[in-house]
Structures are given as structure tokens and as C-alpha cells.
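Each chain, letter by letter, is given below.
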Amino acid sequence: MTKVLIVEDNEKNLKLFKLILDSNGYESITARNGEEGKQVAEENMPDLILMDIQMPILGGVDAMRALKMNEKTKTIPVIATTAYAMKGDKELFLEFGFEAYISKPIRIKEFLETIESVLKGAGSGQKE
Ligand code: MN
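The sections below set out a description of the structure shown in this document. Small disclaimer: the values here were computed from a predicted structure and weren't measured.

The rules behind these values
- Residues numbered from 1 in each chain as written.
- Predicted model: local features only at pLDDT ≥ 70, side-chain atom pairs only at ≥ 80, totals over all residues.
- Heavy atoms only, no water.
- Donors = N, O, S within 2.8 Å, 3.2 Å for Na, K, Ca; no water.
- Buried < 20%, exposed > 50% of the residue type's maximum accessible area, 1.4 Å probe, protein only.
- Pairing = 2+ DSSP bridges.
- Helix = DSSP H or I, 4+ residues; strand = E, 2+ residues; numbered from the N terminus.
- Axes fitted to C-alpha atoms, helices over the stretch in contact; angles between N-to-C directions.

**Here's the deal with the coordination of the manganese ion**
Next, step 1: The coordination sphere of the manganese ion, as far as protein atoms go, consists of D9 (OD), D52 (OD) and Q54 (O), spread over 2.0 to 2.1 Å.
Next, step 2: Under the relative-accessibility criterion, D9 is labelled partly exposed at 34%.
Next, step 3: Taking the relative accessible area as the measure of exposure, Q54 reaches 52% and is therefore exposed.

What follows is the structure, encoded as C-alpha cells:
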């Protein structure tokens, strides 16, 4: 079963993402901040990570960078999930190194399609 790690400090979002994933054939595991996310990722080696940006202790950009610098976790794709909806933000997050970007509030169809396309390696943030 495809394992997805949800790193999110907002309980409502966390529960919603988990519910959607669990009811669509994924196994989901969770972490409440970037630091916990790094640990859970190393211990459980998920197939994909959904990473919130604004979180206490360690934010999503720094957590993603740490994961990409870690030999063990560097190949795990990381999707940024954020409430930012400014024009150009998507490009910025891809530049940071995320494989894709999902804006919140999410739309379920788009949420699942983005996850599927990244898992297939067809994400828009193809690595050079
Ligand atoms: Mn947050």
C-alpha cells in the first residue's frame, strides 16, 4: 500500500487529508511539525510527503531541505501544501525543491490528482 506522510500542524487539515487518503486506498501517517516530520519520514520511509509550510519548531521549507540533504530520505517526493495563493507562489515552491504544490483549502479531485501524478513521476517539478 502506498504510504503518505502528512506533516501538518492544523488539526482540521490533518484530519481531512487523512480521511481523504485513507478512503482512497492510501496508508497515511502523520506528524505535527517539520522536526517530527523528519523523524517520522526516516523511520517509516513513506512513498510521498505532504508538507505544510507554516508550522511551529521547524517549518515546511526547512524540513523539506533537510529531507533532501539526507541520503536516506532525499528521493522521497515532497508536495507543499499551503494557504498562500499568490500568483507565482507555485513556481517559487517548485524552485525551493518541492515536487509539487497544493493550495489550501484543497479541492479533493485536484488533491488526489496531484498526489497520483507525483507518484507516477509526472510531477511538474521534474528534477534536472
Ligand atoms: Mn500550518
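**Points about the sheet that holds strand β4 (residues 78-82)**
Next, step 1: Overall, parallel pairing links the five strands, which are arranged β2-β1-β3-β4-β5 in an open sheet. What marks the edges here is a single partner per strand, and that holds for β2 (27-31) and β5 (100-103). Each strand axis lies, on average, 20° off the axis of its neighbour in the sheet, ignoring direction.
Next, step 2: Where β4 lies against β5, four bridges are found, and the strand directions are parallel.

**Description of unusual backbone geometry**
Next, step 1: The residue after K104, namely P105, is reached through a cis peptide bond having omega 0°.
Next, step 2: Unlike most non-glycine residues, M45 shows phi in positive territory, near 40°.
Next, step 3: In this fold, M45 is placed in the loop between α2 (34-44) and β3 (48-52).
Next, step 4: Even without being glycine, I57 reaches a positive phi, approximately 70°.
Next, step 5: Among the structural elements, I57 can be located in the loop between β3 and α3 (60-69).
Next, step 6: You can call I57 exposed: its relative accessible area is 71%.

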